[in-house]
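What follows is each chain in one-letter form.
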Amino acid sequence: MIIYNITASVDKSILREWLHWMQNKHIPDVMKTNIFTSAQLKRIISKADDGVSYAIAYKCDSLKDLQIYETKFSKVLQKDYIDKFGETAPAFRTIMAVENTF
């Protein structure tokens, strides 16, 4: 299993708008690609942040599936995000492979 994790640092001034858009527009649009089997929106608990940080973890079955997402869908979806929140909610991506579950 592959986890495609996006971490965003969201400025407090746009937090409500960002959460609404992520939950009602962006995450559903990503899931409509039928590449990912699930998604979780998680708030990162940290005292060091000026904003509020979130991690969105999308799960898919293989790196091949993720590659399909990246070649067919990610550019448009990432552009939508950057156009709307690029300056006030910068994000970075991490790809992880699940080695074992306990």
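The structure presented is a predicted model; accordingly, all values stated were derived computationally and were not measured. (Residues numbered from 1 in each chain as written. Predicted model: local features only at pLDDT ≥ 70, side-chain atom pairs only at ≥ 80, totals over all residues. Heavy atoms only, no water.)

**Brief notes about the sheet that holds strand β1 (residues 2–10)**
Pairing in this open sheet of 4 strands is antiparallel, and the strands run β2-β3-β1-β4 from one edge to the other. At either margin of the open sheet sits one strand with a lone partner, and together these are β2 (38–44) and β4 (91–97). Each strand axis lies, on average, 20° off the axis of its neighbour in the sheet, ignoring direction. Bridge count between β1 and β4: 7 bridges; the pairing is antiparallel. Across the sheet, the residue bridging to Y4 is I95, located in β4. (Pairing = 2+ DSSP bridges. Helix = DSSP H or I, 4+ residues; strand = E, 2+ residues; numbered from the N terminus. Axes fitted to C-alpha atoms, helices over the stretch in contact; angles between N-to-C directions.)

**Concerning the packing of aromatic side chains**
A complete count under the given rule lists 10 aromatic pairs for this structure. On the numbers, 5.1 Å between centres and 40° between planes, the contact of F36 with Y58 is tilted. Of this pair, F36 sits in the loop between α1 (15–31) and β2 while Y58 sits in strand β3 (residues 52–60); the two residues are 22 residues apart in sequence, bridging distant segments of the chain. There is no split in this pair, since F36 and Y58 are both buried. Taken together through their ring pairs, the aromatic side chains of Y4, F36, Y58, Y69 and F73 make up a single cluster. (Phe/Tyr/Trp six-rings, centres within 6.5 Å; stacked < 30°, edge-to-face > 60°. Buried < 20%, exposed > 50% of the residue type's maximum accessible area, 1.4 Å probe, protein only.)

Limitation: the analysis is restricted to geometry and does not speak to function.
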